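Okay, here's what each chain looks like letter by letter:
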Amino acid sequence: MTATIALVDDDRNILTSVSIALQTEGFLTRVYSDGETALKALTDNPPDLAIFDIKMPRMDGLELLRRLREKSQVPVIFLTSKDDELDEALGLAMGADDYIAKPFSQRLLIARIRAILRRTEPATAPADGSEEAGAGPLVRGRLSMDPARHRTTWAEDPVTLTVTEFLILETLAQRPGIVKTRNQLMDAAYQDDIYVDDRTIDSHIKRLRRKFRAVDPTFDAIETLYGAGYRFSDE
């Protein structure tokens, strides 16, 4: 099935050039020039992935993401100005899956889109119609993760995760007690030799903890080993 990409940017030149590049790669595109118009369209008819500029009038990309996350976990890539480190950190903390600094290479953007879309593809069901192929649910103490359904619970309470958050947590939970470096977590969450810096992983970890503490204020299963990385404890 052809993936649909939504583009939200007040710069008409970027909307046109990126839309043409994506269509050339076989994607369907929907374009919006402001956040207010995009919000209703994205919630009523979610795309497979959305790309937001941060600096927009009326409703900026951060507010658009905040309001979208109240209703949807559609993967989101942020376009940021090169020096807006604070905006990048805020975007990741609010649930963005990735960010790319302007000016950007369209080839890089397409590579990151494909990497995220591959991670969101559902598991292929066997021809006999039985249970989904692939690994079954992962259970570690009070944590349960079902990759085929992208479903996570803590003590049977649902916890809604983005694709990137799910992959990072799954990597940690697969081997409880084993320290995973930031580079290892990057490799699990970002494919195709895509480089992201340490701040990206740290922001995702902070958001994971915040989500789990919303259902269990005592949650402390994701441990920080300063200078080494992170590990999951199911004790």
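Conventions and cut-offs
Residues numbered from 1 in each chain as written. Predicted model: local features only at pLDDT ≥ 70, side-chain atom pairs only at ≥ 80, totals over all residues. Heavy atoms only, no water. UniProt positions renumbered as here; feature names shortened; annotations may be inferred. 1 Å grid on protein atoms, 1.4 Å probe; cavity = no way out; pocket = protein on both sides within 12 Å on 5 of 7 lines; lining within 4 Å. Points joined across faces, edges and corners; volume = space filled by probe spheres on them. Helix = DSSP H or I, 4+ residues; strand = E, 2+ residues; numbered from the N terminus. Pairing = 2+ DSSP bridges. Axes fitted to C-alpha atoms, helices over the stretch in contact; angles between N-to-C directions. Contact = heavy atoms within 4.5 Å. Buried < 20%, exposed > 50% of the residue type's maximum accessible area, 1.4 Å probe, protein only. Arc of directions from axis to C-beta.

The name recorded for the chain in an unreviewed UniProt entry is Response regulator transcription factor, from Sphingomonas liriopis. According to UniProt, the comment filed for the chain under the heading Subcellular location (unreviewed entry) is "Cytoplasm".

Chemist: If you had to explain empty space enclosed by the protein to someone new, which residues and values would you point to?
Modeler: Counted under the stated rule, the structure contains one cavity of 30 Å³ or more. Considering the residues around the largest cavity, the lining is formed by Leu7, Val8, Asp9, Ile14, Leu15, Val18, Ile51 and Leu79. Elements represented by at least two residues in the lining of the largest cavity include exactly β1 (4-8) and α1 (12-24). Here the lining of the largest cavity takes three residues from α1, the largest share from any one element.

Chemist: Describe the sheet that holds strand β5 (residues 98-102), naming the residues involved and giving the relevant values.
Modeler: With respect to topology, five strands assemble into an open sheet ordered β2-β1-β3-β4-β5, the strand pairing being parallel. Looking at strand neighbours, the two that pair on one side only are β2 (28-32) and β5, the edges of this open sheet. The mean inter-strand angle of the sheet, taken between neighbouring strand axes irrespective of direction, is 20°. Two elements, strand β3 (residues 49-53) and strand β4 (residues 76-81), share four bridges in a ladder whose sense is parallel. Bridge pairing links Asp53 to Leu79 in β4. Strands β1, β2 and β3 of the sheet are contacted by helix α2 (residues 35-44), whose axis makes an angle of about 140° with β2.

Chemist: Mind laying out the UniProt feature "modified residue: 4-aspartylphosphate" (unreviewed entry) in the chain, listing which residues take part and the relevant values?
Modeler: Feature annotation in UniProt places "modified residue: 4-aspartylphosphate" (unreviewed entry) on Asp53, given in this structure's numbering. Of note, Asp53 is situated in strand β3. Among all residues touching Asp53, those that are not within four sequence positions of it are Val8, Asp9, Asp10, Gly61, Leu79 and Lys102.

Chemist: Describe the side chain of Asp146, listing the residues and the values that go with them.
Modeler: Position of Asp146 relative to the elements: it lies in strand β7 (residues 143-146). Look past the residues within four positions of Asp146 in its chain and what remains in contact with it is Pro137, Arg151 and Phe166.

Chemist: Account for helix α7 (residues 182-189), with residues named and values stated.
Modeler: For α7, the set of buried residues is Leu185, Met186 and Ala189. The buried residues of α7 occupy an angular sector of 105° when the element is viewed end-on, so they sit on one face.

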